[in-house]
Number of protein chains: 2
Amino acid sequence: MNYSNDIILRAAKGEETERVPVWLMRQAGRILPEYRATRAQAGSFKSLLKNPELAAEVTVQPVDILGVDAAILFSDILVIPEALGLQYEMDEGKGPVFPKAIESRNDLGMLSLADVESRLDYVFQTIREIHPRLNQRVPLIGFAGAPWTIFCYMIEGKGSKTFQKAREMTMREPALAKQLLDMITDATIIYLKRQIQEGCAMVQLFDSWAGVLGPSTYAEFSIPYLRKICDAIHEAPITLFGLGASFALEDLTTLNCNTIGVDWHIQPKVARTRIGKDKTIQGNLDPAVLYADVDVIRKETARMLDGFGPNRYIANLGHGLYPDINPNHVKIFIETVKSHQFSHT
Amino acid sequence: MNYSNDIILRAAKGEETERVPVWLMRQAGRILPEYRATRAQAGSFKSLLKNPELAAEVTVQPVDILGVDAAILFSDILVIPEALGLQYEMDEGKGPVFPKAIESRNDLGMLSLADVESRLDYVFQTIREIHPRLNQRVPLIGFAGAPWTIFCYMIEGKGSKTFQKAREMTMREPALAKQLLDMITDATIIYLKRQIQEGCAMVQLFDSWAGVLGPSTYAEFSIPYLRKICDAIHEAPITLFGLGASFALEDLTTLNCNTIGVDWHIQPKVARTRIGKDKTIQGNLDPAVLYADVDVIRKETARMLDGFGPNRYIANLGHGLYPDINPNHVKIFIETVKSHQFSHT
């Protein structure tokens with residue numbers, strides 16, 4: 001596909017760009033009144049997710065309203081457990097709940113790879129609905145959860161600060177944990193390949209619960225599965241983002257990905273040094289900075305840009321947008337990135 | 001005071017020790033049937049907290065049952081907001097809730113330093129109840145929450161994964177945030193000095209929510225208050241422990257403390273290199289390792305010990321004990337530390 005603006009793709013591939021590209025994790029969401037209207041129309045988060053026309057609408061809203069350099073598919077990382085056979089409900093205010101979580105080897109019998117692709121048909125239909133609305137203005141980013149993060153939810157059955165049950169299984173029954181991680185990995189590869197086939201120009205893996213592991217457990221229970229996915233996907237650039245995964249940057253850098261996303265717990269210059277010059281970096285403004293006055297937002301954004309430098313870099317937050325941020329503050333962040341003059345270019 | 005076993009004090013002060021001392025964060029707690037019995041007798045967590053005799057009993061239980069090298073005062077970090085005038089309730093299963101959180105400058109009017117010491121009298125009475133039970137077998141550790149962590153709860157009004165409201169206040173009203181942090185700091189100094197006066201031989205500050213900040217915000221909203229406390233307390237060794245604070249180790253190392261506690265997100269050798277030789281290090285076994293088979297516990301504990309080395313080191317977990325851990329597994333951890341032979345000593 002030819003895009004009017006393909007700056008983000010060029011940055012991901014390591015080509016020089018005339019300016020730094022910018023988008024925001026969770027840019028399609030509650031901060032926009034337009035999103036809240038569409039969601040009200042759908043009735044609930046899950047109905048919105050499963051309605052390809054409405055999901056396509058909210059995917060494109062931030063491109064129209066905020067002027068970001070990419071759209072990201074409106075979906076949820078938990079569509080994968082559901083496609084494997086494990087149902088979940090979205091409890092408004094409380095987050096996802098799986099009425100039946102995976103507790104033992106027997107429970108793996110509930111899961112099957114056979115129907116993953118067909119059960120995710122509504123997502124692929126959403127992508128097809130996005131194209132005419134996006135009209136090749138900017139690339140569409142597809143995504144999935146990292147296997148470790150999906151595993152966490154499937155074992156724990158809900159969100160948690162510590163995911164003790166999931167970590168308990170890695171300690172008590174590592175072979176069983178790895179069997180499930182393999183299954184999630186295979187489903188994710190099927191899912192991402194098809195997203196790309198349907199027209200996603202880039203894909204991102206979100207390892208939202210990387211931070212409950214340590215260096216050696218992350219190397220054992222997350223990295224090998226990310227590696228398998230990166231080695232299987234050649235069709236589009238891949239971004240890996242782990243929240244709380246600063247300790248694993250060197251390991252992530254060994255993987256076959258184009259871009260590594262970093263959270264706000266690391267200084268840009270330190271991230272650049274540790275990741276090196278062969279990967280693009282994405283991140284990492286503290287999402288809370290967008291609560292500040294506009295001059296603080298401009299100053300902190302400029303500091304971030306100067307820290308990462310003009311090349312191999314995609315500007316973003318260090319995690320998803322908080323839902324009560326003023327959309328005008330988001331616009332100031334985006335404008336600051338777009339108009340920034342680097343001192344030494 | 002003279003202790004039968006003062007190995008932990010000597011390690012904190014940087015003196016040579018015949019073996020590595022060991023205790024566990026949250027060692028007095030739900031893992032012990034003896035604790036659960038005492039708590040049932042008290043009725044609730046807060047009744048237990050406010051009952052000096054029963055609180056003293058659970059403080060000493062792990063010394064009797066597990067053979068740790070220190071007792072830690074059974075209390076709660078949220079006694080400080082309460083002593084300042086902000087009531088909280090402990091909602092079983094959900095954690096602490098403040099019916100009225102701090103939302104504006106006006107709300108600071110609810111708080112006062114004047115009664116802090118007298119309102120905490122039940123804690124000091126607990127310490128006095130502990131002495132005859134502990135009988136100078138091992139030192140007693142006192143503690144408080146770090147000002148940043150206490151601030152988080154006072155603004156947010158409850159636990160949170162992201163503490164957005166607290167971070168929003170640092171961004172929107174930094175001067176107000178600092179005024180409250182100063183007040184918490186002053187209360188904490190009063191509290192810790194009196195704990196030591198009553199006979200605590202060491203004190204630890206818990207910065208449980210360090211990890212919601214980044215390097216520059218931690219340097220602005222946590223470090224200066226930790227520094228003020230460390231500079232004010234000369235009477236006993238101080239340990240600083242920040243969860244998710246790996247990014248701040250260099251800053252923490254500049255403070256007037258004896259020991260820095262590290263979580264399980266860092267390799268022991270990396271921690272040692274970054275912290276240097278002038279501080280004792282405490283930590284950092286992944287608490288989930290205690291779910292594993294005993295041979296895995298032994299192996300991982302030995303790996304940790306060899307990583308930190310025999311000097312300036314206090315063995316502990318990288319965070320508090322999970323309540324459903326088998327007490328026998330805790331004993332194996334402790335025995336492994338006590339009997340470990342270092343290869344190059």
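Residues numbered from 1 in each chain as written. Chains lettered and ligands numbered in written order. Predicted model: local features only at pLDDT ≥ 70, side-chain atom pairs only at ≥ 80, totals over all residues.

### Comments concerning the overall build of chain A
And step 1. If you tally the helices and strands in chain A, you get 16 helices and nine strands.
And step 2. Over its C-alpha atoms chain A spans a radius of gyration of 19 Å, differing by no more than 12% from the 20 Å that the globule rule assigns to 345 residues.
And step 3. In terms of principal-axis extent, the alpha carbons of chain A reach across some 60 × 45 × 35 Å.
And step 4. The buried share among the 345 residues of chain A stands at 52%.
And step 5. Within chain A, counting contacts between residues at least 6 apart in sequence, those at least 24 apart form 75% of the total. (Helix = DSSP H or I, 4+ residues; strand = E, 2+ residues; numbered from the N terminus. Rg over C-alpha atoms; globule rule 2.2 N^0.38 Å. Buried ≥ 20, exposed ≤ 12 C-beta atoms within 10 Å, placed from the backbone. Contact = placed C-beta atoms within 7 Å.)

### Structural notes on the interface of chain B and chain A
In many analyses, interface size is given as the accessible surface area lost on bringing the parts together.
And step 1. With 22 residues of chain B at the contact, the number on the chain A side is 23 residues.
And step 2. Broken down by secondary-structure element, the contributors of at least two residues to the side of chain B that touches chain A are helix H9 (164-172) and helix H11 (215-221) of chain B.
And step 3. Considering every element that reaches the side of chain B that touches chain A, the biggest residue donor is H9 of chain B, with five residues.
And step 4. For the side of chain B that touches chain A, the class distribution of residues is 10 nonpolar, seven polar and five charged. (Nonpolar A, V, L, I, M, F, W, Y, C, P; charged D, E, K, R; others polar.)

### Points about the sheet that holds strand S5 (residues 202-207) of chain A
Residues and elements named next belong to chain A.
And step 1. As summarised here, the arrangement of the seven strands in space is S1-S4-S5-S6-S7-S8-S9, forming an open sheet in which the pairing is parallel. What marks the edges here is a single partner per strand, and that holds for strand S1 (71-72) and strand S9 (313-317).
And step 2. Alignment of strand S6 (residues 238-242) against strand S7 (residues 259-261), held across three bridges, turns out to be parallel. Pairing of Thr239 across the sheet is with Thr259, part of S7. (Pairing = 2+ DSSP bridges.)

### Topic: the confidence of the model for chain A
And step 1. Averaged over all residues, the pLDDT of chain A is 97; the fraction at 70 or higher stands at 99%.
And step 2. Interface scoring of the predicted complex returns ipTM 0.95; its pTM is 0.97. (pLDDT = per-residue confidence, 0-100.)

### Re helix H8 (residues 147-156) of chain B
Residues and elements named next belong to chain B.
And step 1. Counting buried positions along H8 yields 10 of 10 residues, so the element is predominantly enclosed.
And step 2. Where H8 is concerned, the buried positions are Pro147, Trp148, Thr149, Ile150, Phe151, Cys152, Tyr153, Met154, Ile155 and Glu156.
And step 3. Where H8 terminates, the next one or two residues include Gly157, which has phi positive at roughly 85°.

### Quick word on the environment of Gly309 of chain A
And step 1. In this structure, Gly309 of chain A sits in the loop between helix H15 (294-308) and S9.
And step 2. Once residues within four sequence positions are removed from consideration, Gly309 of chain A is found in contact with Arg272 and Phe342 of chain A.

### A look at the relation of the copies chain B and chain A
And step 1. When chain B is fitted to chain A, the best match, at an RMSD of 0.0 Å, comes from turning it 180° and sliding it 0.0 Å along the axis. Each copy turns onto its partner about a two-fold axis. When C-alpha positions in chain B are compared against the rotation axis, the closest is assigned to Lys161 of chain B, at 3.3 Å.
And step 2. A shared binding surface is used by both copies, with 100% of the interface residues of chain B retained as interface residues in chain A. (Least-squares fit on C-alpha atoms with pLDDT ≥ 70 in both.)

### Considering unusual backbone geometry
Outside of glycine, negative phi angles account for most residues, and trans bonds account for most peptide bonds.
Residue and element names in this part refer to chain A.
And step 1. Backbone torsion omega between Gly283 and Asn284 reads -10°, so that peptide bond is classified as cis.
And step 2. Looking at where Asn284 falls in the secondary structure, it is placed in strand S8 (residues 280-285).
And step 3. Phi is positive for Phe163, close to 45°, though the residue is something other than glycine.
And step 4. By the secondary structure assignment, Phe163 is in the loop between helix H8 (147-156) and helix H9 (164-172).

### Points about the pairing of S9 of chain A
All names here are of chain A.
And step 1. Among the five residues that make up S9, five are buried, leaving the element largely enclosed by the rest of the structure.
And step 2. The pairing of S8 with S9 spans five bridges and is classified as parallel. Bridge assignment links Asn284 to a residue of S9, and that residue is Asn316.
And step 3. On the question of chirality, the crossover connecting S8 to the parallel S9 by way of H15 is right-handed. (Right-handed = clockwise from strand over helix to strand, strands pointing away.)

### So, the packing of H15 of chain A against helix H16 (residues 327-339) of chain A
All names here are of chain A.
And step 1. Relative to each other, H15 and H16 sit at 40°, their axes nearing to 9 Å. The hand of the H15/H16 crossing is right-handed. On the side of H15, the interface is formed by Val294, Ile297, Arg298, Thr301, Ala302 and Leu305, while H16 contributes His329, Ile332, Phe333, Thr336 and Val337.
And step 2. Tallied by class, the residues present in the contact of H15 with H16 amount to seven nonpolar, three polar and one charged. (Axes fitted to C-alpha atoms, helices over the stretch in contact; angles between N-to-C directions. Left-handed = near helix turned anticlockwise from the far one by under 90°.)

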